[in-house]
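Survey of secondary and tertiary structure
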Amino acid sequence: MGYDLLGLMALGYLSLFLGAAIITTINIVVLIATYLLTGISLYKLAMNNGHQDKAILAWIPVVNLYLVGLLAGDTKLLSIDLPAQWLGIILVILRIMGGFGDKSPFILWLISTILIIFAFYNLYKRAESPLAVIMAILSLIPFLKAIFLYTIKDRNLLYFYE
């Protein structure tokens, strides 16, 4: 009783292909769920906190960082007064510019990542989240960010200025 080598190879390749297709499908489902959860959460936060005219920005990737800056509120950064609008604009510009150029993208990406953590920290702090620092750092992971935003989506944000 001999084995058909060609048949076994075909079965191996088919198994490999099916495994890759399943993993890809799971990844796509998680990405869509993350996008929807983040959009719904930012939209509801904006609607509940006086930014009804800008709530639609929650659905535009990268541009939704402007909304995060608005929701984070006015703040001080390195002893510089930073209005919420400017924080949002800076977040979007740095994130977009981080993808262009030769040597500067990494530096711009690093600065924008630090500012994003800072903005999310202020947002979670305004939402009275007890673990604002940890949540802000973990918000760099998109699915966790979506979950954290979903937990605060119905809250009215406190106003504070430090």
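Located above this text is the structure these notes cover.
The sections below set out a description of the structure shown in this document.

About the thresholds
- Residues numbered from 1 in each chain as written.
- Predicted model: local features only at pLDDT ≥ 70, side-chain atom pairs only at ≥ 80, totals over all residues.
- Heavy atoms only, no water.
- Helix = DSSP H or I, 4+ residues; strand = E, 2+ residues; numbered from the N terminus.
- Rg over C-alpha atoms; globule rule 2.2 N^0.38 Å.
- Buried < 20%, exposed > 50% of the residue type's maximum accessible area, 1.4 Å probe, protein only.
- Contact = heavy atoms within 4.5 Å.
- Areas by Shrake-Rupley, 256 points an atom, 1.4 Å probe, with all protein chains shown as cover.
- Lys, Arg positive; Asp, Glu negative; His and termini not counted.
- Charge placed at Lys NZ, Arg CZ, Asp CG, Glu CD.
- Core = buried A, V, L, I, M, F, W, Y, C linked by side-chain atoms within 4.5 Å.
- 1 Å grid on protein atoms, 1.4 Å probe; cavity = no way out; pocket = protein on both sides within 12 Å on 5 of 7 lines; lining within 4 Å.
- Points joined across faces, edges and corners; volume = space filled by probe spheres on them.
- Nonpolar A, V, L, I, M, F, W, Y, C, P; charged D, E, K, R; others polar.
- Patch = residues over 30% accessible without salt bridge, like charges linked within 9 Å, V, L, I, M, F, W, Y side chains within 5 Å.
- Salt bridge = Lys/Arg side-chain N within 4 Å of Asp/Glu carboxyl O.

1. Topic: the overall build of the chain
- If you tally the helices and strands in the chain, you get six helices and two strands.
- The order of helices and strands in the chain, counted from the N terminus, is α-α-β-β-α-α-α-α.
- Against the compact-globule benchmark of 15 Å for 162 residues, the chain has a radius of gyration of 21 Å, which places it well outside the compact range.
- Along the first, second and third principal axes, the C-alpha set of the chain runs to 80 × 40 × 30 Å.
- Out of the 162 residues in the chain, the part that is buried amounts to 35%.
- Within the chain, counting contacts between residues at least 6 apart in sequence, those at least 24 apart form 55% of the total.
- Surface accessibility of the chain: about 10000 Å² in total, with carbon and sulfur atoms responsible for 75%.
- Here the chain holds 10 positive side-chain charges and 8 negative ones, and the gap between their average locations is 3 Å.

2. A few points about the nonpolar core
- With 34 residues, the main nonpolar core has Phe 120, Leu 123, Tyr 124 and Leu 149 as its most contacted residues.
- Those elements that place two or more of their residues in this core are helix H1 (5–48), helix H2 (64–72), helix H3 (84–97), helix H4 (104–126), helix H5 (132–138) and helix H6 (142–152).

3. Describing empty space enclosed by the protein
- Overall, the coordinates contain one cavity of 30 Å³ or more when judged by the stated rule.
- By volume, the largest cavity is sized at about 30 Å³.
- Along the walls of the largest cavity sit Thr 38, Leu 42, Asn 64, Leu 65, Val 68, Phe 120, Lys 145 and Leu 149, which together make up its complete lining.
- Listed by contribution, the elements that provide at least two residues to the lining of the largest cavity are H1, H2 and H6.
- It is H2 that contributes the most residues to the lining of the largest cavity, three residues altogether.
- Split by residue class, the lining of the largest cavity holds five nonpolar, two polar and one charged.

4. Observations regarding a nonpolar patch on the surface
- On the surface, Ile 28, Ile 32, Tyr 35, Leu 36, Ile 40 and Tyr 150 cluster together into a nonpolar patch covering about 530 Å² of accessible area.
- It is H1 that provides the largest number of residues to the nonpolar patch, a total of five residues.
- Looking at Tyr 150, the relative accessible area reads 40%, which means it is partly exposed.

5. Some points on the environment of Ile 93
- Inspection of the secondary structure assignment puts Ile 93 in helix H3.
- Separated by 31 residues in the primary sequence, Ile 93 and Val 62 place their C-alpha atoms 9.2 Å from one another.

6. Some points on the environment of Asp 4
- Relative to the assigned elements, Asp 4 resides in the segment before H1.
- As a C-alpha pair, Asp 4 and Asp 74 span 70 residues in sequence and 71 Å in three-dimensional space.

7. Digging into H2
- Most of H2 sits inside the fold, with nine of its nine residues counted as buried.
- For H2, the full list of buried residues reads Asn 64, Leu 65, Tyr 66, Leu 67, Val 68, Gly 69, Leu 70, Leu 71 and Ala 72.
- Once H2 finishes, Gly 73 follows within two positions and takes phi at roughly 85 degrees, a positive value.

8. Some points on unusual backbone geometry
- The backbone of Val 62 sits at a positive phi, close to 70 degrees, despite the residue not being glycine.
- Note on placement: Val 62 falls in the loop between H1 and H2.

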